[in-house]
Amino acid sequence: MDQKRAVIFLTTSQDPEQKKPLMLNDILFCPILTWVARKLKDDGVERFFAVCGPEYADEARACFPVDADVTVSDQHPRLLDFVSGVGRVIVIPRPVVPAEQAGEGYVYSAEGFALAEGWKKAATIFLQDVDGERGWIALNSGADIQNVELHLRDEIVRRHIANGVRVLDPGAVYIDPRVKIGRGTMVLPGTILRGGTDIGRDCVIGPNAMVSSCIVGDETEINASQINESSIGRRTHVGPYAYVRPGSHIGDDIKVGDFVEVKNSTIGDGTKISHLTYVGDSDVGKKVNFGCGTVTTNYDGFHKYRCTIEDESFIGCNTNLVAPVTVGKGSYIAAGATITKDVPEDALAVARVKQENKDGWAARRRKINGK
């Protein structure tokens, strides 16, 4: 059997300020063309032809699944070859976005031979004997995007609620259409979920959280924090005011507390990073405890280096770990230390100047200054 096909025209905008095709603009953080491709794929389309010039070909292709059968070209003979001798083809002749309640609009379907005949001289949206397709809203400008965005936001939220997600204030969250959320999860006001984020069951997300292209395990809480292109395990608590940068892998039963930043690091199960700490380019084991004010100093102005912190280490407050350095399993680092050499397993590392008290110094200073 022939695969179901679709032709999508990425027409240039009529707005002189809008250089690229309107279909490549975002609605709810997601390119309009991605909305279209996902809808068509859900409807059974297996082969796509995107009519697009070479300057935007890569951007257009990125809107489709990696494994999708997609041709991106503005070559007329290739388009005719795509539709010739096949069954019905869905045609998207102008910028549109899918909407469940929309009636027939500018999207239509026709037999492949009829399209090939009608497009012999040039591809045009004006054809006879076509069938209108329901469920699409036409877009003409950036203003139309603004007008339809809130309607689509509400559709997405309703769909998640129907699947068992609790949204405390549906008008105060913004969810990308690519996002998946497990049953029993609570989404609190001020939350923004972007990209291919996949959130597990029975989580609490928000208030005021932004999660972008992340995987989040079951029963995890993300409170007033930003998480980007990373994975978070189960029963982990992030925030408030934490910042997880791309490339991080945070395990199960972990605390990433207030004013903690994690970047390009792996954090083992059961570790506690409670407050005011920076962990960058580090491999952290299980059940490590970070004291307040710990910093992995991983950049010398030219190169980035990694820290290795092994299981069950205890990092005292205001510690600097000057990468590359390894902290051995079960070791302790005294508060206020700057560590530049490897710490052996089960050792105590002390790296600070010995305290000296100068008796009467403060009183003499006040007297000199007339205080």
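Preceding this section is the structure that the text describes.
To keep things clear, this report deals only with the structure shown in the data block. For clarity, every value in this text was computed on a predicted model and none was experimentally measured. (Residues numbered from 1 in each chain as written. Predicted model: local features only at pLDDT ≥ 70, side-chain atom pairs only at ≥ 80, totals over all residues. Heavy atoms only, no water.)

The next thing to look at is unusual backbone geometry. Going from Gly-239 to Pro-240, the amide bond is cis rather than trans, its omega being 5°. Counting through the fold element by element, Pro-240 comes out in the loop between β23 (237-238) and β24 (243-244). Here the phi dihedral of Leu-28 falls at roughly 55°; this positive angle occurs in a residue that is not glycine. Here Leu-28 is to be found in the loop between β2 (26-27) and β3 (30-31). One non-glycine residue, Tyr-241, lies in the positive phi region at around 65°. (Helix = DSSP H or I, 4+ residues; strand = E, 2+ residues; numbered from the N terminus.)

Turning our attention to the sheet that holds strand β9 (residues 131-134). Strand order in the open sheet formed by six strands is β5-β4-β1-β6-β8-β9, with mixed pairing between adjacent strands. Each edge of the sheet is formed by a strand with only one pairing partner; in this case those strands are β5 (69-73) and β9. Recorded for the sheet is a direction-independent mean angle of 25° between the axes of neighbouring strands. In the sheet, strand β1 (residues 5-9) pairs with strand β4 (residues 47-51) via five bridges, with the strands oriented parallel. Bridge pairing in β4 places Ile-8 opposite Ala-50. Along the sheet, helix α1 (residues 32-42) contacts β1, β4 and β6 (88-92); its crossing angle with β1, the most-contacted strand, is approximately 165°. (Pairing = 2+ DSSP bridges. Axes fitted to C-alpha atoms, helices over the stretch in contact; angles between N-to-C directions. Contact = heavy atoms within 4.5 Å.)

The next thing to look at is α1. Looking at α1, one finds that the buried residues are Ile-32, Leu-33, Thr-34, Trp-35, Val-36, Ala-37 and Leu-40. Taken from the residues just after α1, Gly-44 is the one with a positive phi, measuring 100°. (Buried < 20%, exposed > 50% of the residue type's maximum accessible area, 1.4 Å probe, protein only.)

Another aspect to go through is a nonpolar patch on the surface. A surface patch of nonpolar side chains, amounting to about 400 Å² of accessible area, comprises Phe-314, Tyr-332, Leu-348 and Val-350. Structurally, the position occupied by Leu-348 is in strand β38 (residues 348-349). (Patch = residues over 30% accessible without salt bridge, like charges linked within 9 Å, V, L, I, M, F, W, Y side chains within 5 Å. Areas by Shrake-Rupley, 256 points an atom, 1.4 Å probe, with all protein chains shown as cover. Salt bridge = Lys/Arg side-chain N within 4 Å of Asp/Glu carboxyl O.)

The next point concerns the pattern of salt bridges. This structure, assessed with the given rule, holds 14 salt bridges. Across the pair Arg-235 and Asp-253 runs a salt bridge, and its minimum N-O distance is 2.8 Å. Note that Arg-235 is positioned in the loop between β22 (231-232) and β23 and Asp-253 in the loop between β25 (249-250) and β26 (255-263), a separation of 18 residues in sequence. With relative accessibility at 38%, the residue Arg-235 sits in the partly exposed group. Of the residues examined, Asp-253 reaches a relative accessible area of 31% and is grouped as partly exposed.

Before going further, it helps to examine the packing of aromatic side chains. Counted under the stated rule, the structure contains five aromatic pairs. Aromatic side chains Phe-9 and Trp-119 sit 5.6 Å apart centroid to centroid with 85° between the ring planes, which places their arrangement in the edge-to-face category. Here Phe-9 is found in strand β1, whereas its partner Trp-119 is found in the loop between α4 (112-118) and β9, with 110 residues between them in sequence. Here Phe-9 matches Trp-119 in class, with each residue buried. Here the aromatic rings of Phe-49 and Phe-82 are separated by 5.4 Å at their centres, their planes lie at 55°, and the arrangement is tilted. Of this pair, Phe-49 sits in strand β4 while Phe-82 is found in helix α3 (residues 76-83), placing the two residues 33 residues apart along the sequence. Using a relative accessible area of 2% as the deciding quantity, one classes Phe-49 as buried. (Phe/Tyr/Trp six-rings, centres within 6.5 Å; stacked < 30°, edge-to-face > 60°.)

This brings us to the pairing of β1. Burial within β1 is extensive, with five of its five residues counted as buried. Both faces of β1 are covered, namely the face carrying Arg-5, Val-7 and Phe-9 and the face carrying Ala-6 and Ile-8. As paired elements, β1 and β6 share four bridges and run parallel to each other. Directly across from Val-7, in β6, lies its bridge partner Val-91.

This part covers the sheet that holds β22. With parallel pairing, nine strands are arranged side by side in an open sheet as β13-β16-β19-β22-β25-β27-β29-β32-β35. In this open sheet, the two strands that pair with only one neighbour each are β13 (180-181) and β35 (325-327). In this sheet, β25 lies alongside β22 in parallel orientation, the contact comprising two bridges. In the strand pairing of β25, Ser-231 is matched with His-249.

Inspection of α3 places Leu-79, Leu-80, Phe-82 and Val-83 among the buried residues, and these make up the whole buried set. Projected onto a plane normal to the axis of α3, the buried residues spread over an arc of 160° and lie on a single side. Set apart from the buried face of α3 by more than 90 degrees, the exposed residues are Pro-77 and Asp-81. Looking at the buried residues of α3, the elements they touch are β1, β4, β6 and α4. (Arc of directions from axis to C-beta.)

With that out of the way, let us pick up the side chain of Ser-109. Here Ser-109 shows up in strand β8 (residues 104-111). Here Glu-133 takes part through its side chain, which lies 2.9 Å from a polar atom of the side chain of Ser-109. If we skip the residues at most four places from it in the chain, Ser-109 touches Arg-88, Val-89, Ile-90, Val-130, Asp-131 and Glu-133. (Polar contact = N/O pair within 3.5 Å; in protein donor to acceptor, adjacent residues only side chain to side chain.)

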